[in-house]
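Below, each chain spelled out in residue letters.
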There are 2 protein chains.
Amino acid sequence: MTLDPPWRPPAWELDPSQPLYEQIAHRIRVEIAAARLPKGTRLPSVRDLAASLRVTPNTVMRAYAELEQDGLLETFRGQGTFVAREPGVEARARARIARQAFEHVRRVAADLGMRVEDLLRLGAEEEGGDEDARSH
Amino acid sequence: MTLDPPWRPPAWELDPSQPLYEQIAHRIRVEIAAARLPKGTRLPSVRDLAASLRVTPNTVMRAYAELEQDGLLETFRGQGTFVAREPGVEARARARIARQAFEHVRRVAADLGMRVEDLLRLGAEEEGGDEDARSH
DNA sequence: CAAGTGTATCATGTGATTTAATACACTTAA
DNA sequence: TTAAGTGTATTAAATCACATGATACACTTG
């Protein structure tokens, strides 16, 4: 075999209380968006990544499937899973993430009746503060 | 009875795939942060809100408990649940939400190796666009 | 053919969430 | 005192998404 040296994922910690397959998909999405995963790059096989993450192949499958659904990946039976060659994948992935982030703060700001600008300024000021301010 | 006219929640839809008690807590948190729920305001009784949301009293209890834990509410047995009188509740609630929102975009930007400023600018441009841009 | 790909389908287990039904402790008005 | 309305606690059960584990199939390449 040894067609292409498959991309090797960086050390991953799967902690946060989010579905495993979502975490996996998210990490890959980010790697693509950040252009650290060039188009055409071969991903680890479902079984390999599963083993490396101490997870079931089924779970990795679900992550890959979601990303293929998004058009970020393309798979070929018997060959492997690759970052989509379609032009603009990185840009699309990046734009998508950026838009979601913006809409998030947009909604929060609207809920509070604030402008996005002011909300973020306030949030930045609170950096590292608060913790458990109220002594109760 | 009829001590105080308890605060009447606006029409609520409990759709998003988040725990019910989290959704309830979030809505109240926002109302407090936005100062639409002044300190000392009496909330609907656990049973009333539960009935109005077509939910179990247990679920509302959990939401109230979480907010009391955060110091946003204070409860008195036999009397009811109220917005904490402690000075600065609204500000604290608002600051907390703002900080979380900021840290969110902060992390996303870091993941992409972008500055928060640029991330949001990009996200704002994409407003309403994309949808399902890739034709696959 | 053999080894390595993706894919599909089960049955099963697990854990958080939610329901439902009670029961208890307290406060207030009648 | 009584009754109605508060919050609170407990228990059993149902549900559901998630993840596992095992197995089988389809395909590509050397």
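These numbers come from a predicted model, not from an experiment.

## Quick look at the side chain of T41 of chain B
Here comes step 1: By the secondary structure assignment, T41 of chain B is in the loop between α1 (20-33) and α2 (46-52).
Here comes step 2: Each residue touching T41 of chain B, except ones within four places of it in the same chain, is listed here: W7, T81, F82 and V83 of chain B.

## Here we look at the pairing of strand β1 (residues 73-76) of chain B
Residue and element names in this part refer to chain B.
Here comes step 1: In this structure, β1 lies alongside strand β2 (residues 80-83), joined through four bridges in antiparallel fashion. Residue pairing for β2: E74 is matched across the bridge by F82.
Here comes step 2: The antiparallel pairing of β1 with β2 creates a hairpin that spans three residues between the two strands, and G78 there sits at a positive phi of about 80°.

## Describing the protein's contact with DNA strand C
Here comes step 1: Around DNA strand C, the surrounding shell holds 28 residues, and the nearest of these are R47 of chain A together with L20, N58, T59 and R62 of chain B.
Here comes step 2: Per the 4 Å cut-off to the protein, sugar and phosphate atoms form 71% of the nearby atoms of DNA strand C.
Here comes step 3: One of the backbone N or O atoms of T56 of chain B is found 3.1 Å from a phosphate oxygen in DNA strand C.
Here comes step 4: T59 of chain B is positioned with one of its side-chain polar atoms (N or O) 2.7 Å from a phosphate oxygen of DNA strand C.
Here comes step 5: Mapped by element, the contributors of at least two residues to the surface near DNA strand C are α2 (46-52), α3 (57-69) and β2 (80-83) of chain A together with α1 and α3 (57-69) of chain B.

## A closer look at the packing of aromatic side chains
Here comes step 1: Tallying each qualifying case throughout the model produces three aromatic pairs over all chains.
Here comes step 2: Residues F76 of chain A and F82 of chain A carry aromatic rings whose centres are separated by 5.9 Å and whose planes lie at 55° to one another, so their mutual orientation is tilted.
Here comes step 3: Classification of F76 of chain A by relative accessible area gives partly exposed; the value is 36%.
Here comes step 4: Positioned above the aromatic ring of Y21 of chain B is the side chain of R62 of chain B, whose terminal nitrogen or guanidinium carbon lies 4.1 Å from the ring centre.

## Brief notes about the packing of helix α4 (residues 89-112) of chain A against helix α4 (residues 89-112) of chain B
Here comes step 1: Contact geometry of α4 of chain A with α4 of chain B gives a least axis separation of 11 Å together with a crossing angle of 175°. Relative to α4 of chain B, the element α4 of chain A lies roughly antiparallel. Here α4 of chain A contributes R94, I97, A101, H104, V105, V108 and L112 of chain A to the contact with α4 of chain B, which in turn contributes R94, I97, A101, H104, V105, V108 and L112 of chain B.
Here comes step 2: Partitioned by chemical class, the residues of the contact of α4 of chain A with α4 of chain B number 10 nonpolar, two polar and two charged.

## Some words on the protein's contact with DNA strand D
Here comes step 1: Around DNA strand D lies a shell of 28 residues, among which L20, T59 and R62 of chain A together with V46 and R47 of chain B are the nearest.
Here comes step 2: Here DNA strand D approaches the protein such that, of its atoms within 4 Å, sugar and phosphate make up 69%.
Here comes step 3: A distance of 3.1 Å separates a phosphate oxygen of DNA strand D from a polar atom in the backbone of T56 of chain A.
Here comes step 4: T75 of chain B places a side-chain nitrogen or oxygen 3.1 Å from a phosphate oxygen of DNA strand D.
Here comes step 5: Going through the elements one at a time, α1 (20-33) and α3 of chain A together with α2, α3 and β2 of chain B are the ones with two or more residues in the surface near DNA strand D.
Here comes step 6: When grouped by side-chain class, the residues that make up the surface near DNA strand D number eight nonpolar, 12 polar and eight charged.

## Observations regarding the packing of α1 of chain B against α3 of chain B
All names here are of chain B.
Here comes step 1: Their axes nearest at 8 Å, the elements α1 and α3 cross at an angle of 50°. The orientation of α1 relative to α3 falls into the category oblique. The handedness of the crossing between α1 and α3 comes out as right-handed. Contact with α1, carried on its side by L20, Y21, E22, I24, A25, I28 and R29, involves T59, V60, R62, A63, Y64, E66 and L67 of α3 and no other residues of that element.
Here comes step 2: Residues of the contact of α1 with α3, tallied by class, amount to nine nonpolar, one polar and four charged.

## Describing the domain arrangement of chain A
Residue and element names in this part refer to chain A.
Here comes step 1: Domain annotation of chain A identifies domain 1 (20-83) and domain 2 (89-125).
Here comes step 2: The distance between the C-alpha centroids of domain 1 and domain 2 comes to 27 Å.
Here comes step 3: Note on domain 1 versus domain 2: buried area summed over both sides is about 750 Å², and carbon and sulfur give 63% of it.
Here comes step 4: Run the count over domain 1 and domain 2 and you get four residue pairs in polar contact (both at pLDDT 80 or more).
Here comes step 5: Tallied by class, residues from the side of domain 1 that touches domain 2 come to four nonpolar, one polar and three charged.

## Looking at the environment of D118 of chain B
Here comes step 1: Topologically, D118 of chain B is positioned in helix α5 (residues 116-125).
Here comes step 2: For the pair D118 of chain B and P19 of chain B, spaced 99 residues apart in sequence, the C-alpha separation works out to 33 Å.

## Here's the deal with the interface of chain B and chain A
Accessible area lost on assembly of the parts is the figure often given for the size of an interface.
Here comes step 1: Counting residues at the interface gives 38 residues for chain B and 38 residues for chain A.
Here comes step 2: Taking both sides of the interface into account, the surface hidden between chain B and chain A amounts to around 3100 Å²; carbon and sulfur atoms contribute 69%.
Here comes step 3: Our count for the chain B to chain A interface comes out at zero salt bridges.
Here comes step 4: Those elements that place two or more of their residues in the side of chain B that touches chain A are α1, α4 and α5 of chain B.
Here comes step 5: With 15 residues, the single largest contributor to the side of chain B that touches chain A is α4 of chain B.
Here comes step 6: Its residues placed into classes, the side of chain B that touches chain A shows 17 nonpolar, seven polar and 14 charged.

The rules behind each value
- Residues numbered from 1 in each chain as written.
- Chains lettered and ligands numbered in written order.
- Predicted model: local features only at pLDDT ≥ 70, side-chain atom pairs only at ≥ 80, totals over all residues.
- Heavy atoms only, no water.
- Helix = DSSP H or I, 4+ residues; strand = E, 2+ residues; numbered from the N terminus.
- Contact = heavy atoms within 4.5 Å.
- Pairing = 2+ DSSP bridges.
- Near = heavy atom within 4 Å.
- Polar contact = N/O pair within 3.5 Å; in protein donor to acceptor, adjacent residues only side chain to side chain.
- Phe/Tyr/Trp six-rings, centres within 6.5 Å; stacked < 30°, edge-to-face > 60°.
- Buried < 20%, exposed > 50% of the residue type's maximum accessible area, 1.4 Å probe, protein only.
- Lys NZ or Arg CZ within 6 Å of the ring centre and 35° of its normal.
- Axes fitted to C-alpha atoms, helices over the stretch in contact; angles between N-to-C directions.
- Parallel < 35°, antiparallel > 145°, perpendicular 65-115°, else oblique.
- Nonpolar A, V, L, I, M, F, W, Y, C, P; charged D, E, K, R; others polar.
- Left-handed = near helix turned anticlockwise from the far one by under 90°.
- Domains from an automatic or database assignment.
- Buried area = accessible area lost by both parts, 1.4 Å probe.
- Salt bridge = Lys/Arg side-chain N within 4 Å of Asp/Glu carboxyl O.

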